[in-house]
Amino acid sequence: MKSKTFRETKKRRDKKMQDTKQQWFKEAKFGLFIHWGLYALLAGEYNGKKTDRIAEWIMNDLDIPAEEYEKLAAQFNPVEFDADGIVRKAKEWGMKYIVFTSKHHEGFAMWDSKCSDYNVVKATPYGRDIVRQFREACDRHGMKLGFYYSQAQDWHDPDGYMHRKDNSGKNYRAYLERKCFPQLRELLTEYGEVALIWFDTPMGTTREESQEMVDLVKRLQPNCIVSGRIGNGLGEYMTTGDNFIPRLPYEGDWEVPATLNDTWGFNKDDHNWKDAEEIIHLLVKINSRGGNYLLNIGPEASGHVPEESIKILDEVGKYVNENEEAIFGTKRVGIYAYELDWGMLTRKDHKLYVHVFKPRRRVELLNIGNRITGAYLVADKRPLEFETGATCEGCSSIEVEVPEEYFDRKNYSICLEMEEEEPIFEPIIG
Ligand code: JFZ
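Residues numbered from 1 in each chain as written. Predicted model: local features only at pLDDT ≥ 70, side-chain atom pairs only at ≥ 80, totals over all residues. Heavy atoms only, no water.

Any two aromatic rings considered together are summarised by their centre-to-centre distance and by the angle between their planes. Here the structure, examined in full by the defined rule, presents 22 aromatic pairs. Plain terms: the ring middles of Phe 33 and Trp 198 are 4.9 Å apart, the flat faces sit at 55° to each other, and that makes the pair tilted. With a gap of 165 residues between them, Phe 33 in strand 1 (residues 30-34) and Trp 198 in strand 6 (residues 196-199) connect regions that are remote in the sequence. As far as burial versus exposure is concerned, Phe 33 and Trp 198 are alike and both buried. In this structure, Arg 53 is placed above the aromatic ring of Trp 57, and the distance from its NZ or CZ to the ring centre is 5.2 Å. (Phe/Tyr/Trp six-rings, centres within 6.5 Å; stacked < 30°, edge-to-face > 60°. Helix = DSSP H or I, 4+ residues; strand = E, 2+ residues; numbered from the N terminus. Buried < 20%, exposed > 50% of the residue type's maximum accessible area, 1.4 Å probe, protein only. Lys NZ or Arg CZ within 6 Å of the ring centre and 35° of its normal.)

Taking 1.5 Å as the rise per residue, helix 7 (residues 130-141) with 12 residues should run 16 Å; its terminal C-alpha atoms sit 17 Å apart, in good agreement. Of the residues making up helix 7, those classed as buried are Ile 130, Val 131, Gln 133, Phe 134, Arg 135, Ala 137 and Cys 138. The inward-facing, buried residues of helix 7 contact strand 1, helix 6 (83-92), strand 4 (97-103), strand 5 (144-149) and helix 8 (172-190). Positive phi shows up at Gly 142, right after helix 7, with a value of about 60°. (Expected span 1.5 Å × (residues − 1). Contact = heavy atoms within 4.5 Å.)

Now for the pairing of strand 13 (residues 362-366). Because side chains alternate across strand 13, one face comprises the buried residues Val 363 and Leu 365, and the other comprises Arg 362, Glu 364 and Leu 366, none of which is buried. One ladder, built from 5 bridges, connects strand 13 with strand 16 (residues 396-401); its direction is antiparallel. Opposite Arg 362, over in strand 16, you have Glu 401 as the bridge partner. (Pairing = 2+ DSSP bridges.)

Here we take up helix 9 (residues 207-220). Helix length check: helix 9 (14 residues) gives 20 Å between terminal C-alpha atoms against 20 Å at 1.5 Å per residue, within 8%. Taken as a whole, helix 9 has its buried residues at Glu 209, Ser 210, Met 213, Val 214, Leu 216 and Val 217. Looking down the long axis of helix 9, one finds its buried residues gathered within 155° of arc, a one-sided arrangement. Pointing more than 90 degrees away from the buried face of helix 9 are the exposed residues Glu 208 and Arg 219. Check the buried side of helix 9 and you find it contacts helix 8, strand 6 and strand 7 (225-226). (Arc of directions from axis to C-beta.)

In regions of low pLDDT, the predicted coordinates are not meant to be interpreted in detail. For the protein chain, mean pLDDT is 95; residues scoring 70 or higher make up 95% of the total. Contacts of residues 1-6 to residues separated by more than four positions or lying in other chains number 1 contact, the stretch itself having pLDDT below 50. Note that residues 8-17 has pLDDT below 50 and, in this model, 1 contact with residues that lie over four places away or in other chains. (pLDDT = per-residue confidence, 0-100.)

So, on to the sheet that holds strand 16. Here we have 3 strands laid out as an open sheet, ordered 13-16-15, and antiparallel in their pairing. The open sheet terminates on both sides in strands that have one partner only, identified here as strand 13 and strand 15 (386-390). Pairs of neighbouring strands in the sheet enclose a mean axial angle of 15°, with direction left out of account. Pairing geometry for strand 15 and strand 16, over 5 bridges, is antiparallel. Within strand 16, the residue paired with Ala 390 across the bridge is Ser 396. (Axes fitted to C-alpha atoms, helices over the stretch in contact; angles between N-to-C directions.)

Let's shift gears to the environment of Ile 197. Within the secondary structure, Ile 197 sits in strand 6. Residues Ile 197 and Val 214 lie 17 residues apart in sequence; the distance between their C-alpha atoms is 9.6 Å. Excluding anything up to four places from it in sequence, Ile 197 contacts Phe 147, Tyr 149, Leu 184, Leu 188, Val 217, Cys 224, Ile 225, Val 226 and Ser 227.

Here we take up unusual backbone geometry. For Lys 165, which is not glycine, the phi torsion reads 55° and is therefore positive. Take Lys 165: it is sitting in the loop between strand 5 and helix 8. The exposure class of Lys 165 is partly exposed, given its relative accessible area of 39%. With a phi close to 65°, Lys 381 is a non-glycine residue in the positive phi region. Structurally, Lys 381 is set in the loop between strand 14 (372-377) and strand 15.

Moving on, we get to the site of the ligand. Lining the immediate environment of the ligand, one finds 14 residues, of which His 35, Glu 56, His 104, His 105 and Asp 242 sit closest. His 35 places a side-chain nitrogen or oxygen 2.7 Å from an oxygen atom of the ligand. His 104 has a polar side-chain atom sitting 2.8 Å from an oxygen atom of the ligand. For the ligand, the accessible surface in isolation is 450 Å², of which the surrounding protein chains cover 74%. Of the residues belonging to the shell around the ligand, the class tally is 5 nonpolar, 5 polar and 4 charged. (Near = heavy atom within 4 Å. Polar contact = N/O pair within 3.5 Å; in protein donor to acceptor, adjacent residues only side chain to side chain. Areas by Shrake-Rupley, 256 points an atom, 1.4 Å probe, with all protein chains shown as cover. Nonpolar A, V, L, I, M, F, W, Y, C, P; charged D, E, K, R; others polar.)

Attention now moves to the state of the cysteines. One covalent bond between the sulfur atoms of two cysteine residues makes up a disulfide. By the definition in use, this model includes 0 disulfides. Lacking any disulfide linkage, Cys 138 is separated from the closest cysteine sulfur, that of Cys 224, by 14 Å. No disulfide involves Cys 392; its sulfur sits 9.2 Å from that of Cys 395, the nearest cysteine. Taking relative accessible area as the criterion, Cys 392 reaches 86% and is therefore assigned exposed. (Disulfide = S-S within 2.5 Å.)

Here the focus is the sheet that holds strand 12 (residues 351-356). Two pairing modes exist for strands in a sheet, parallel and antiparallel, and in both the strands are linked by backbone hydrogen bonds. Judged by pairing direction, the sheet is antiparallel, and its 4 strands sit side by side in the order 11-12-17-14 without closing on themselves. Strands with a single pairing partner mark the edges of an open sheet, and in this sheet they are strand 11 (343-348) and strand 14. Shown here is a sheet whose adjacent strand axes are inclined to one another by a mean of 20°, direction ignored. Direction of pairing for strand 12 relative to strand 17 (residues 412-418): antiparallel, over a ladder of 6 bridges. Across the sheet, residue His 355 finds its bridge partner in strand 17, namely Ser 413. Docked against the sheet, helix 10 (residues 276-288) engages strand 11 and strand 12, running at close to 45° with respect to strand 11.

Rendered as structure tokens:
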């Protein structure tokens, strides 16, 4: 009996410890994904042929032989690359973490890897370690840094998944021991504190092999988080399909990896950019359901970040900064009876944030049964007049007066202070 109680306490304590380690991730809400590798040189086109898929897949899509593709390295000289500039921007945009593609499916390492010369230091005229530059810039700006690492697909290593698009007759174990494990070890021992490893596409990786990867990560950096795409149910948070947003609030930690256009790696012909307003709404929607939004940029081969992405994110950043209190550190909101056509809700303990996306003179909410003790505009904390009451059919109603100079404005937020910790959503009754 005694030992059972002890075990239970220990289990609870372990769970709590894990939560603490991951607390930054729960609170982060907004991060920057960076897809950058040799594919940026092709920018979606090889020998006059264009890919109509995501640009970092061009080697696979257009059947470029590894012997040909690897020659790209000799052209990689990103003189415009400015790690500090990118990290500064991410900080300005209100992002709390960066995930950089240390090695994508193409197999090329963006750092000075000791176990494969197919890397940015040894195989390019540029000769400088990109991962290290991100590390140093992130340290300077107090930004968390995680690494995307394609653990299974490696189109350069003959034993990696999908090399020559063929998985037969391979010695995956040999690849793991020769490249995957040693490279992970390098990333986790030579590049400071790694916030997370963003594993991707496990393919045929067995549970034992995934477990070996997790153990390796945890042995070297116990606080490093492992993404869901490690596979075999071993991840510490869930990543949705790219650009997929769960309809319902999802319990547990999760993240939506997403693009600003329709590609991760740079594609010169992809101009299908979402606008800033759409991105703001997606961010708030994801936050409202409890997730983080990991939004991608795909730098050009020169290192230059496409103007369009900067322009969109500068505008998104304005919203995030002004309304930071209503984004960073918020928690999943339960199911509210109504789908608002003008806004969305996020929350913290004792605070319900109303994000207003369309101009209006007053903000009205029905079927929220809390005792409201105050209301203020998040941007400048000015108090707002409000009234609470009941509808003719007996549901709770709250009405907040919008300040006059905000009548024509959209994209701002209001905080409702609640006596209770969480919002009380009343069901619709007829
Ligand atoms: C993967 C990569 O293949 C792709 O190049 C990019 O890096 C992206 C972020 O991740 O693509 C996936 C992997 C998993 C899903 C969708 C796209 N999924 O589970 O839906």
